[in-house]
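Residue-level listing of the chains:
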Amino acid sequence: MSEKIAVLGAGSWGSILANLLDENGNEVSLWSYNPKQVKELNEKHTNTHYMKDFTYSETLIAYSDLKQALTGATTVLFVVPTKAVRSVAGDVKQVLEELQTKPQLIHASKGIEQGTYKRVSEILAEEIPAELRKSITVLSGPSHAEDVAKRDITLVTAASTDADAAKHVQQLFMNRYFRVYTNSDVIGVEIAAALKNIIALGTGALNGLGYGDNAKAALMTRGLAEISRLGASFGANPQTFTGLAGVGDIIVTGTSENSRNYRAGDELGKGQSLQEVIDTMGMVIEGVATTKAAYELAKQRGVEMPITGAIYQVLYEGKDIRTAISDLMMREGRSEF
Ligand SMILES: NC(=O)C1=CN([C@@H]2O[C@H](COP(=O)(O)OP(=O)(O)OC[C@H]3O[C@@H](n4cnc5c(N)ncnc54)[C@H](OP(=O)(O)O)[C@@H]3O)[C@@H](O)[C@H]2O)C=CC1
Ligand SMILES: O=C(CO)COP(=O)(O)O
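Residues numbered from 1 in each chain as written. Chains lettered and ligands numbered in written order. Predicted model: local features only at pLDDT ≥ 70, side-chain atom pairs only at ≥ 80, totals over all residues. Heavy atoms only, no water.

Mapped onto the present numbering, the UniProt feature "binding site: NADPH" (unreviewed entry) falls on S12, W13, Y50, K110, A145, R260, V284 and E286. As for its placement among the helices and strands, S12 is situated in helix α1 (residues 12-23). Residues in contact with S12, not counting those within four places in the same chain, are Y50, M51, A145, R260 and M283. Here Y50 lies in the loop between α2 (35-43) and β3 (61-63). With relative accessibility at 26%, the residue Y50 sits in the partly exposed group. Leave out the neighbours within four places in its chain, and Y50 touches A10, G11, S12, Q37, G282 and M283. (UniProt positions renumbered as here; feature names shortened; annotations may be inferred. Helix = DSSP H or I, 4+ residues; strand = E, 2+ residues; numbered from the N terminus. Contact = heavy atoms within 4.5 Å. Buried < 20%, exposed > 50% of the residue type's maximum accessible area, 1.4 Å probe, protein only.)

On to the pairing of strand β5 (residues 104-107). Of the two faces of β5, the one lined by Q104 and I106 and the one lined by L105 and H107 are each fully buried. Here strand β4 (residues 75-78) runs beside β5; their pairing, made up of four bridges, is parallel. Across the sheet, the residue bridging to V76 is L105, located in β5. For the crossover that starts at β4, traverses helix α4 (residues 82-99) and ends in the parallel β5, the hand is right-handed. Where β5 and strand β6 (residues 136-140) come together, three bridges link them in parallel fashion. Counted as the bridge partner of H107 is V138 from β6. Crossover β5 to β6 through helix α5 (residues 120-127) is right-handed. (Pairing = 2+ DSSP bridges. Right-handed = clockwise from strand over helix to strand, strands pointing away.)

Right, let's get into the UniProt feature "binding site: sn-glycerol 3-phosphate" (unreviewed entry) in the protein chain. When the UniProt feature table is mapped onto this chain, "binding site: sn-glycerol 3-phosphate" (unreviewed entry) is found at K110, G141, S143, K196, D249, S259, R260 and N261. Positionally, K110 belongs in the loop between β5 and α5. Setting aside chain neighbours within four positions, we find K110 in contact with T82, S140, G141, S143, A193, A194, K196, N197, D249 and E286. Of note is the side chain of K110, whose polar atom sits 3.0 Å from the backbone oxygen of G141. Discounting chain neighbours no more than four positions away, the residues touching D249 are K110, S140, G141, P142, S143, K196, L244 and G254. (Polar contact = N/O pair within 3.5 Å; in protein donor to acceptor, adjacent residues only side chain to side chain.)

Turning next to the pattern of salt bridges. Per the stated rule, a full pass over the model turns up 16 salt bridges. Close ionic contact of K270 with D266 constitutes a salt bridge, the shortest N to O distance being 2.8 Å. You can call K270 exposed: its relative accessible area is 54%. D266 sits in the buried class, given a relative accessible area of 5%. Here K292 makes a salt bridge to E296, at a shortest N to O gap of 2.9 Å. Of the two residues, K292 and E296 are both situated in helix α13 (residues 286-301); the distance of four residues between them amounts to about one turn of the helix. One network of salt bridges, with partners in common, ties together R86, E113, K118, E126 and E127. (Salt bridge = Lys/Arg side-chain N within 4 Å of Asp/Glu carboxyl O.)

Moving on: the site of ligand 2. As a structural note, the neighbourhood of ligand 2 is formed by 13 residues, with K196, D249, S259, R260 and N261 the closest of them. The separation between an oxygen atom of ligand 2 and a polar main-chain atom of S143 is 3.0 Å. Between ligand 2 and R260 there is a distance of 2.6 Å, counted from an oxygen atom to a side-chain nitrogen or oxygen. Its free accessible area being 310 Å², ligand 2 has 92% of it covered by the protein chains. If you list the elements that add at least two residues to the shell around ligand 2, you get α10 (244-254) and α11 (260-269). It is α10 that contributes the most residues to the shell around ligand 2, three residues altogether. Mapped onto the domain boundaries, the shell around ligand 2 takes at least three residues apiece from domain 1 (4-184) and domain 2 (187-329). (Near = heavy atom within 4 Å. Areas by Shrake-Rupley, 256 points an atom, 1.4 Å probe, with all protein chains shown as cover. Domains from an automatic or database assignment.)

This part covers the domain arrangement of the protein chain. When the parts come together, some accessible area is lost, and that loss is often what is quoted as the size of the interface. Structurally, the protein chain comprises domain 1 (4-184) and domain 2 (187-329). Between the C-alpha centres of domain 1 and domain 2 the distance comes to 25 Å. Contacts between the two partners involve 29 residues from domain 1, matched on the other side by 31 residues from domain 2. Of the roughly 2,400 Å² buried at the junction of domain 1 and domain 2 (both faces included), carbon and sulfur atoms supply 61%. A per-residue breakdown of the area domain 1 buries against domain 2 is headed by K110, Y117 and H144, which together make up 28% of the total. Scanning the region where domain 1 abuts domain 2 turns up two salt bridges. For E190, the salt bridge identified is with R119, shortest N-O distance 2.6 Å. Of all the elements in the fold, those that place two or more residues in the side of domain 1 that touches domain 2 are α5, β6, α6 (145-149), β7 (154-159) and β8 (178-183). If you tally residues by element for the side of domain 1 that touches domain 2, the top one is β7, at four residues. (Buried area = accessible area lost by both parts, 1.4 Å probe.)

Here is the structure:
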């Protein structure tokens, strides 16, 4: 199967997914709003700021013009940070109206929108009306761009309410090192994907403070418990949280130096301020915004999320991390399930 695919967002994940789709025999256009980055990708086949020591396929073409990137595309993959999804989708809508095409949409972003608490597929559905697109599928799971760049084994899930669309996305991405499952639980996959970044900030902070494996395993397990509670309040399938988008992504993000969220937490634990961490990362740390959205959402829905609450207090209210940990530990004893 070969298609014309437009990938929107040329950061670490968008550029590596674009390269994988090119490697799978598709005609891929990679869009970035940064003309300097587009020039580097087309002339040197590198993307140094986001993916050091990686050479991209020479057949992968980058564009800074959205219309050029979208022309002829039967699939559009969004991989911009969550805070940029609505504006990019709005621009895509205008171009699709001009082009009179109706592509399927995929997204691989992990976050919840500030203020609206919308999942990324909801934002896409709002901004790009049904008459301008086909299905929407979410691609998610434990997948650091750095490992995929090395063609290391990676398993992810493609979630859509349209079973044929999920199968189609599975076929587009699958290869000898990238295995894709299908899933019908879009809500669960998106909630798990977004909220694991909060937990990775937490395990990173534990690391920075010198805590050991027990503490990190505890945080990941109880973190997943509260993520599942929020998911259940939206009707998510509980099994999703035991799968690739749930346990899988908590493990990969909550234990790895490749994770920007884990690294950010680590620096916070070592005493840097949040602003210093954001300024030095140079890439998106989705968990920072998602902590605020999830904290407010949990309050709105009456879902108990003590870890998210503690991380919110550290990030947004200046609470000392050690005090936040101690307060969590000294909560009244309770039954695990
Ligand atoms: N990296 C990974 O391994 C994985 C990432 N993800 C998810 O993918 C999404 C993208 O992450 P990732 O590629 O890592 O992020 P990066 O920070 O590496 O790259 C994001 C890209 O989007 C660009 N961008 C930022 N704002 C806008 C905007 N308003 N309009 C258009 N482009 C914009 C950035 O440009 P600039 O920097 O110049 O602002 C940059 O090129 C996130 O939601 C992340 O959680 C999911 C799985 C794995
Ligand atoms: O989602 C990811 C891996 O699955 C990447 O996580 P970070 O955004 O923390 O790097």
